[in-house]
Amino acid sequence: DAKTTQPPSMDCAEGRAANLPCNHSTISGNEYVYWYRQIHSQGPQYIIHGLKNNETNEMASLIITEDRKSSTLILPHATLRDTAVYYCIVRAPTFDYKLTFGKGTLLTVNP
Amino acid sequence: GAGVSQSPRYKVAKRGQDVALRCDPISGHVSLFWYQQALGQGPEFLTYFQNEAQLDKSGLPSDRFFAERPEGSVSTLKIQRTQQEDSAVYLCASSLSGYTGELFFGEGSRLTVL
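What counts and what doesn't
- Residues numbered from 1 in each chain as written.
- Chains lettered and ligands numbered in written order.
- Predicted model: local features only at pLDDT ≥ 70, side-chain atom pairs only at ≥ 80, totals over all residues.
- Heavy atoms only, no water.
- Helix = DSSP H or I, 4+ residues; strand = E, 2+ residues; numbered from the N terminus.
- Buried < 20%, exposed > 50% of the residue type's maximum accessible area, 1.4 Å probe, protein only.
- Contact = heavy atoms within 4.5 Å.
- Areas by Shrake-Rupley, 256 points an atom, 1.4 Å probe, with all protein chains shown as cover.
- Lys, Arg positive; Asp, Glu negative; His and termini not counted.
- Charge placed at Lys NZ, Arg CZ, Asp CG, Glu CD.
- Pairing = 2+ DSSP bridges.
- 1 Å grid on protein atoms, 1.4 Å probe; cavity = no way out; pocket = protein on both sides within 12 Å on 5 of 7 lines; lining within 4 Å.
- Points joined across faces, edges and corners; volume = space filled by probe spheres on them.
- Nonpolar A, V, L, I, M, F, W, Y, C, P; charged D, E, K, R; others polar.
- Phe/Tyr/Trp six-rings, centres within 6.5 Å; stacked < 30°, edge-to-face > 60°.
- Salt bridge = Lys/Arg side-chain N within 4 Å of Asp/Glu carboxyl O.
- Core = buried A, V, L, I, M, F, W, Y, C linked by side-chain atoms within 4.5 Å.
- Buried area = accessible area lost by both parts, 1.4 Å probe.
- Polar contact = N/O pair within 3.5 Å; in protein donor to acceptor, adjacent residues only side chain to side chain.

**Regarding the overall build of chain B**
Right, on to step 1. Per the secondary structure count, chain B includes zero helices and 11 strands.
Right, on to step 2. Starting at the N terminus and ending at the C terminus, chain B contains elements arranged as β-β-β-β-β-β-β-β-β-β-β.
Right, on to step 3. For the C-alpha atoms alone, the extent of chain B along its principal axes is close to 40 × 25 × 25 Å.
Right, on to step 4. Counting across all 114 residues of chain B, residues that qualify as buried make up 46%.
Right, on to step 5. Restricting to contacts in chain B with at least 6 residues of sequence separation, those with at least 24 account for 53%.
Right, on to step 6. Carbon and sulfur atoms provide 47% of the accessible area of chain B, an area that totals close to 5600 Å².
Right, on to step 7. Between the mean site of the 11 positive side-chain charges and the mean site of the 12 negative ones, chain B shows a separation of 8 Å.

**What about the sheet that holds strand 6 (residues 61–64) of chain A?**
Hydrogen bonds along the backbone pair up the strands of a sheet, which may run parallel or antiparallel.
Right, on to step 1. On the basis of which strands lie adjacent, the open sheet formed by four strands has the order 2-7-6-5 (chain A) and antiparallel pairing. Whereas interior strands pair on both sides, the edge strands pair on one side only; in this sheet they are strand 2 (18–23) and strand 5 (55–56) of chain A.

**Things to note about the layout of surface pockets**
Right, on to step 1. Considering only enclosed or pocket space, the largest pocket measures out at about 530 Å³ in volume.
Right, on to step 2. Sorting the residues of the lining of the largest pocket by element identifies strand 8 (84–91) of chain A together with strand 9 (88–95) and strand 11 (109–113) of chain B as the ones contributing at least two each.
Right, on to step 3. Looking at the lining of the largest pocket, the element that brings in the most residues is strand 11 of chain B, giving four residues.
Right, on to step 4. Taken together, the residues of the lining of the largest pocket break down into 10 nonpolar, 11 polar and four charged.

**So, the pairing of strand 6 (residues 53–56) of chain B**
Residues and elements named next belong to chain B.
Right, on to step 1. In the sheet, strand 5 (residues 44–50) pairs with strand 6 via three bridges, with the strands oriented antiparallel. Its bridge partner being in strand 6, Tyr48 is matched across the sheet by Asp56.
Right, on to step 2. Here strand 5 hands over to strand 6 after two residues, with Asn51 in that stretch at a positive phi of 55°.

**What about the packing of aromatic side chains?**
Residue and element names in this part refer to chain B.
Right, on to step 1. Applying the stated rule across the entire model yields 13 aromatic pairs over all chains.
Right, on to step 2. An angle of 40° between the planes, with centres 6.4 Å apart, marks the rings of Phe65 and Tyr90 as tilted. In this pair, Phe65 sits in strand 7 (residues 65–68) while Tyr90 sits in strand 9, placing the two residues 25 residues apart along the sequence. Just as Phe65 is buried, Tyr90 falls in that class too.

**Considering the pattern of salt bridges**
Right, on to step 1. Applying the stated rule across the entire model yields seven salt bridges over all chains.
Right, on to step 2. Across the pair A:Asp82 and A:Arg37 runs a salt bridge whose closest N-O atoms are separated by 2.8 Å. Of this pair, A:Asp82 sits in the loop between strand 7 (70–75) and strand 8 while A:Arg37 is found in strand 3 (residues 32–38), placing the two residues 45 residues apart along the sequence.
Right, on to step 3. Of the residues examined, A:Asp82 reaches a relative accessible area of 12% and is grouped as buried.
Right, on to step 4. The closest approach of N and O atoms between B:Glu107 and B:Arg9, which form a salt bridge, is 3.0 Å. Here B:Glu107 is found in the loop between strand 10 (104–105) and strand 11, whereas its partner B:Arg9 is found in the loop between strand 1 (5–7) and strand 2 (10–13), with 98 residues between them in sequence.

**Some words on the nonpolar core**
Right, on to step 1. Of all hydrophobic cores here, the largest spans 21 residues; its most connected members are A:Trp35, A:Leu73, A:Tyr86 and A:Leu107.
Right, on to step 2. Mapped onto this core, the elements with two or more residues apiece are strand 2, strand 3, strand 4 (45–50), strand 6, strand 7, strand 8 and strand 9 (105–110) of chain A.
Right, on to step 3. Sorting elements by how many residues they give to this core places strand 8 of chain A first, with four residues.
Right, on to step 4. Within the second largest apolar cluster, 20 residues are counted, among which are B:Ala13, B:Cys23, B:Ala67 and B:Leu77.

**Considering the interface of chain B and chain A**
Right, on to step 1. On the side of chain A, 19 residues touch chain B, which itself brings 20 residues to the contact.
Right, on to step 2. Buried surface at the junction of chain B and chain A, both sides included, amounts to about 1600 Å², of which 53% is carbon and sulfur.
Right, on to step 3. Linking chain B to chain A there are one salt bridge.
Right, on to step 4. Linking A:Lys98 and B:Asp56 is a salt bridge whose minimum nitrogen-to-oxygen distance equals 4.0 Å.
Right, on to step 5. Inspection of the region where chain B meets chain A yields five residue pairs in polar contact (both at pLDDT 80 or more).

Nothing here speaks to function; it is geometry throughout.
Right, here's the structure in full:
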């Protein structure tokens with residue numbers, strides 16, 4: 001059963017911020033939110049993860065709502081190379097050794 | 001190499017043939033996963049190894065699918081008597097620790113069964 005809901009596709013202009021939403025209304029207290037992306041013909045790549053605080057790394061920012069029922073992945077300055085399928089996954093790392101993928105969001109960055 | 005390596009990248013098999021797909025994980029990674037990805041879908045879990053022990057094979061679709069990791073490093077996914085519905089990309093991933101570590105994926109092996 002899917003634990004997350006994402007829009008099937010989104011578009012973004014090159015150089016602008018891409019904001020990818022994810023709903024996870026049934027998330028448990030010990031579950032983290034993970035984001036991976038998959039560029040065409042490649043394997044998925046880890047982006048970022050968080051529990052309840054906002055997180056930032058060199059690739060992206062993750063904003064989690066206070067009730068933790070939804071989150072947004074932000075790519076601050078999207079480039080053409082960011083065109084990919086983005087997967088939002090909830091996982092309790094101390095219990096779940098595997099990632100369960102949904103269908104993700106196809107982000108297309110346009111020139 | 002620094003990443004997860006999979007071979008072959010592309011495999012075409014006739015229906016009924018056996019195939020073997022190889023995965024070289026990142027050195028020192030304890031955990032290894034196999035996933036199957038059909039066209040237009042997200043990856044689906046097949047099986048999980050911790051070192052040489054196969055701890056979870058709940059995702060293997062039939063007894064024609066078999067995976068091994070005899071020395072706790074390289075793994076092989078074998079599919080016997082291939083069927084057309086086995087056509088997919090088979091992804092291997094490894095992590096330092098199965099529970100807390102980030103998963104590193106290979107580029108996958110694309111299997112086409114004619």
